[in-house]
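# Structural overview for review
What follows is the residue order along each chain.
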Amino acid sequence: MKICFATNNTKKVEEGAAALKGLIEIVSLRDIGCNEELPETGDTLDDNAFEKARYVFEHYGVNCFADDTGLEVAALNGAPGVYSGRFAGEPRSDARNLSLLLEKMKGQTDRSARFRTVIALILDGKEYQFDGIAEGKITQSSSGEGGFGYDPIFQPQGHDRTFAMLSLEEKNEISHRGKAVKALLNFLRAGKF
Ligand code: IMP
């Protein structure tokens, strides 16, 4: 089975391909000839994930899934949430987003946060949704070279290293996207669609 992962983020494609290895061949947007930015105008993770997946299904006619992820920080009332990618404004920059978050967290004692991923899957026009959450906290400073986005400042619960200090496999095992992808995998394995 071949499914397009509707994202321009090559790191996400790598994570998805590793998690789904053996069952599904993941193809990228570039593989299907889609080189444009996908629309992402919703106010919720669900809306954005489905907006991206529907765009690809309608314009390219291929089975696909898209994810939308947000980092929800308790002390910031759930911000940046659905705006995580644009937290420090346009053009999007992981480095500026991360610095702004650390700045806003200065002096905060409650550093708890969670990543939430919504995956929207479209198979032959039918729509399905899978969710994943990773609880953790925002560290005082950046550490680790792996991963992407806010990974260097997010320490998952029960671990003493940030996501950026874990291997791809270790992150996938416990991450928001890893869990949502696992739910997608179980659904596809069961074959009830
Ligand atoms: P989106 O899902 O690509 O819209 O991501 C929204 C924001 O969250 C972007 O700034 C991403 O870099 C960040 N992000 C998404 N997934 C992860 C992750 O697994 N770790 C760290 N940051 C992430």
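On a predicted model such as this, the values are computed, not experimentally measured, just so you know. (Residues numbered from 1 in each chain as written. Predicted model: local features only at pLDDT ≥ 70, side-chain atom pairs only at ≥ 80, totals over all residues. Heavy atoms only, no water.)

## Remarks on the overall build of the protein chain
Tallying secondary structure elements over the protein chain gives 5 helices and 7 strands in all. When the helices and strands of the protein chain are listed from N to C terminus, the series reads β-α-β-α-β-β-α-β-β-β-α-α. Projected onto its principal axes, the C-alpha positions of the protein chain cover 50 × 30 × 25 Å. The buried share of the protein chain, reckoned over its 193 residues, is 47%. Once local pairs closer than 6 in sequence are excluded, the contacts in the protein chain between residues at least 24 apart make up 56%. As displayed, the protein chain has an accessible area near 9500 Å², and 48% of this comes from carbon and sulfur atoms. Averaging the positions of the 24 positive and the 29 negative side-chain charges in the protein chain gives two centres separated by 3 Å. (Helix = DSSP H or I, 4+ residues; strand = E, 2+ residues; numbered from the N terminus. Buried < 20%, exposed > 50% of the residue type's maximum accessible area, 1.4 Å probe, protein only. Contact = heavy atoms within 4.5 Å. Areas by Shrake-Rupley, 256 points an atom, 1.4 Å probe, with all protein chains shown as cover. Lys, Arg positive; Asp, Glu negative; His and termini not counted. Charge placed at Lys NZ, Arg CZ, Asp CG, Glu CD.)

## A look at helix H2 (residues 45-60)
Given 3.6 residues to a turn, an α-helix orients residues that are three or four positions apart in the same direction. With 16 residues, H2 should reach 22 Å at 1.5 Å per residue; the first-to-last C-alpha distance of 23 Å fits that figure. On the buried face of H2, the contacting elements are strand S3 (64-73), strand S5 (112-123) and strand S6 (126-138). One or two residues past the end of H2 sits Gly 61, with phi positive at roughly 65 degrees. (Expected span 1.5 Å × (residues − 1).)

## Considerations on the environment of Lys 21
Tracing the backbone shows Lys 21 in the loop between helix H1 (10-20) and strand S2 (25-27). Given a relative accessible area of 70%, Lys 21 falls into the exposed group. For the pair Lys 21 and Asp 124, spaced 103 residues apart in sequence, the C-alpha separation works out to 22 Å.

In short, shape yes, function no, at least from these values alone.
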